[in-house]
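Coordinate analysis (summary)
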Amino acid sequence: MAKKTCNERLNTPGDLPKIKDLSDKPEVAARMGGAKMLIPAPMQFNDVMSRIPDGKLMTVDRVRAHLAAKAGADNACPLTAGIFTNVCAHASEERPGDKIPWWRMLKAGGELNEKYPNGQREHLEAEGHTVVQKGKKSFVADYERKLADLEA
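The following paragraphs examine the structure supplied in this document. Since the model is a prediction, treat every value here as computed from it, not as a measurement. (Residues numbered from 1 in each chain as written. Predicted model: local features only at pLDDT ≥ 70, side-chain atom pairs only at ≥ 80, totals over all residues. Heavy atoms only, no water.)

**Section: the layout of surface pockets**
Reported here for the largest pocket is a volume of approximately 210 Å³. Around the largest pocket, the lining comprises 14 residues; the ones closest to its centre are Leu112, Asn113, Glu114, Gln120 and Ser138. The set of elements that each furnish at least two residues to the lining of the largest pocket consists of α6 (120–126) and β7 (137–140). When residues of the lining of the largest pocket are assigned to their parent elements, the largest contribution, three residues, is made by α6. Tallied by class, residues from the lining of the largest pocket come to three nonpolar, five polar and six charged. One number sums up the size of the second largest pocket: a volume of about 170 Å³. Every residue lining the second largest pocket is listed: Val60, Asp61, Arg64, Pro78, Gly82, Thr85, Lys107, Ala108 and Asn113. Elements with a minimum of two residues in the lining of the second largest pocket: α4 (60–71) and α5 (78–94). Per-class residue counts for the lining of the second largest pocket are three nonpolar, three polar and three charged. (1 Å grid on protein atoms, 1.4 Å probe; cavity = no way out; pocket = protein on both sides within 12 Å on 5 of 7 lines; lining within 4 Å. Points joined across faces, edges and corners; volume = space filled by probe spheres on them. Helix = DSSP H or I, 4+ residues; strand = E, 2+ residues; numbered from the N terminus. Nonpolar A, V, L, I, M, F, W, Y, C, P; charged D, E, K, R; others polar.)

Here's what the structure looks like:
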């Protein structure tokens, strides 16, 4: 069986989104901030990423909180969030058109995502953002002042 492309993964959500009940795992629920955890569909991240305007940025943790609130959940799965934002970025690069500005999606703390396609830093700098190196990681300086609003 051939490996699915990122676009196939993006557009084949299976049974997602769904809300997982963590009440039978109180230690996990406490660590996650509640017992109702949203496992979003990949396209939910793609939709948010596609609407980040020029000059603005977004972080995965803000999108997780936004999607969880919209779904009536306490939180959204951090593991699938990382996987799905990466899928969205690579899917965009696979397509000849219909690109999304994936480079504007940052990890927590304004960190660039090393798993994204090459060019995140170059795209951000071309849009006027300052990228700084801290050890082996790269961050957008003052990213908090450039965060896009998420509508309800």
